[in-house]
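Results of the structural survey
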Amino acid sequence: MLFDLTATRQRLQDGTSTATAELEQCLKVAQSAACDRAFVRLMPEAARTTVVQNDLTGLPLAGLSVSVKDLFDLAGQPTTAGSTALADAAPAQQDCTAVARLRLAGGTIIGRTNMVEFAFSGVGVNPHFGTPAAWDGRFGALPGVPRIPGGSSSGAAVSVATGAAFVGLGSDTGGSIRIPAALNGIVGFKSTARLVPTTGAIPLSTTLDTACALTRSVRDAIVVHEVLAARRITRSPAPLRLWRLAVPSIVFLDELDATVARAFARTLDTLRQAGAHIEETTLPLTAELGPMQARGSLSAAESHAWHRPLLAQRASQYDPRVRSRIERGATMVAADYIDLLRARQHWIARMEAALAPYDALLSPTVPLVAPPIANVAPGTERDAEFFRVNALLLRNTSVVNMLDGCALSLPCHLAGELPVGLMVWHGALHDDAVLNVGLQIEQILQK
């Protein structure tokens, strides 16, 4: 297993490594075949200059490598969001808030990572810059054919899973942190959206967007969340048996493939043997989301509002699959959009009441393992399979976004299995409980 950020910081403090040495190793990986198409821009010289300034500072990220999804502003560079339609965009005047906070914490930015164009898919395919292949951050290279990395934070996940970065800054609107975390065998934490400013990021849905990160462990996720949210989580020493946990069956357990079903069942057995009390619940409210969005989604409506001027000029430069999803927003009238916002708030209130007896919910992050890239690569003949896979990947994770909740994905597969993610989740502002439960689960699964 790769050293995580926390262990590497200890090595720096012990004098058994230096931030410069760690950076050079990260850059070596970033320029290797493992990271092919993971980055759209590497910044090795700027990183080397920065790391000297931050080495042994005692800051939380202590000069360690951070990658930035090509959705966030970096001062002096254009932000292109994985699209050629913004290739001539003006350079950003300043870092976005999330990047600024990572820098202040000592993070060394090594480059911009590839992503789904405009963040509008959970698959990870990009026809403009290519698609990086998934990598198992827990056990190394995936066997056989190249598989999708998940999206939309595709390059961010591969950068962390391969060892090119300790932190991959990304975003999550319907699962864009947790899906690639699950498919790459690493950790992704989607905080309550309001806790981290999205200022300086190209929006997909102003209602649902969350700025958050991918890491190699839950303990790293806690460190990075505290940096991004400028807050300290309340740590709890309570053992797992004292937390109230539940597994919802409706929606979340539908159509699980054999590998995911096996890993999820084994994980629940392991946790129960460790003393966890896990209740089963139906949570039928989750089945209401489909009908609620029958006239359109928040992402479609809000993305179309942002993209409308650009589409008028450069529609032909968009990924056709992304463009078709954005253009669905044009069919929503104002009344439909307002009705959806109202229905969502009513649904959130009922969901919060249903979840009140529990400290956290446990579900598979996604219901399938990563399919081969070739199955969903650009091409109209593969569109049906692409949209089928995309819908499945987003199904479980998007429930949490509509809930305005928080969720953690951590790996629960064994060596020899394709990566599988366990999602620990709850409603808004339950971040500390989710992270504390996740930390306990991580420790149990690693024994």
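Refer to the preceding data block for the structure.
Residues numbered from 1 in each chain as written. Predicted model: local features only at pLDDT ≥ 70, side-chain atom pairs only at ≥ 80, totals over all residues. Heavy atoms only, no water.

1. What to know about the nonpolar core
- Counting 59 residues, the largest nonpolar core has Leu-5, Leu-61, Phe-72, Leu-102, Leu-169, Val-224 and Leu-228 as its most contacted members.
- Among the elements that line this core, the one with the most residues is helix α2 (residues 19–30), at 6 residues.
- Beyond its immediate stretch of four places on either side in the chain, Leu-61 contacts Leu-5, Val-66, Leu-102, Ala-105, Gly-106, Gly-107, Val-223 and Val-224.
- Ranked by size, the runner-up nonpolar core spans 38 residues in total, among them Ala-134, Leu-245, Val-369 and Val-434. (Core = buried A, V, L, I, M, F, W, Y, C linked by side-chain atoms within 4.5 Å. Buried < 20%, exposed > 50% of the residue type's maximum accessible area, 1.4 Å probe, protein only. Helix = DSSP H or I, 4+ residues; strand = E, 2+ residues; numbered from the N terminus. Contact = heavy atoms within 4.5 Å.)

2. Describing the sheet that holds strand β7 (residues 245–248)
- What the 11 strands build is an open sheet, ordered β1-β3-β2-β4-β6-β5-β10-β11-β9-β7-β8; its pairing is mixed. If you trace the sheet from one side to the other, it starts and ends with β1 (39–42) and β8 (278–281), each paired once. Neighbouring strand axes in the sheet, compared pairwise and without regard to direction, differ in orientation by 25° on average.
- Examined bridge by bridge, β1 and strand β3 (residues 108–113) share 3 bridges and lie antiparallel to one another. Looking at the pairing, Phe-39 lines up with Thr-113 of β3.
- Helix α14 (residues 383–402) contacts β5 (187–190), β9 (360–364), β10 (406–411) and β11 (421–426) of the sheet and is inclined by roughly 20° relative to β11. (Pairing = 2+ DSSP bridges. Axes fitted to C-alpha atoms, helices over the stretch in contact; angles between N-to-C directions.)

3. Some thoughts on the packing of helix α11 (residues 320–327) against α14
- Two elements in contact, α11 and α14, have axes whose closest approach is 12 Å; the angle formed by their N-to-C orientations is 60°. Taken together, the axis directions place α11 and α14 in an arrangement best described as oblique. Seen from above, α11 lies across α14 with right-handed handedness. Here Arg-321, Ser-324 and Arg-325 of α11 lie close against α14, whose contacting residues are Asp-383, Phe-386, Phe-387, Asn-390 and Leu-394. (Parallel < 35°, antiparallel > 145°, perpendicular 65-115°, else oblique. Left-handed = near helix turned anticlockwise from the far one by under 90°.)

4. So, the packing of aromatic side chains
- Counting across every chain of the model gives 4 aromatic pairs.
- Both rings, one in Phe-386 and one in Phe-387, keep their centres 5.0 Å apart while their planes meet at 85°; by these two values the pair is edge-to-face.
- According to the relative accessible area criterion, Phe-386 is buried, its value standing at 4%.
- Its guanidinium or amino end placed over the ring of Phe-3, Arg-11 lies 4.0 Å from that ring's centre, counting from NZ or CZ.
- It is Arg-321 that lies over the ring of Phe-386; its NZ or CZ is 4.2 Å from the centre. (Phe/Tyr/Trp six-rings, centres within 6.5 Å; stacked < 30°, edge-to-face > 60°. Lys NZ or Arg CZ within 6 Å of the ring centre and 35° of its normal.)

5. Section: unusual backbone geometry
- In this chain, Gly-151 is followed by Ser-152 through a cis amide linkage whose omega measures 5°.
- Tracing the sequence through the fold places Ser-152 in the loop between β3 and α5 (154–162).
- The backbone of Glu-255 shows a phi angle near 55°, a positive value even though the residue is not glycine.
- In this structure, Glu-255 sits in the loop between β7 and α8 (258–273).
- Its identity is not glycine, yet Asp-404 carries a phi of approximately 60°, on the positive side.
- Inspection of the secondary structure assignment puts Asp-404 in the loop between α14 and β10.

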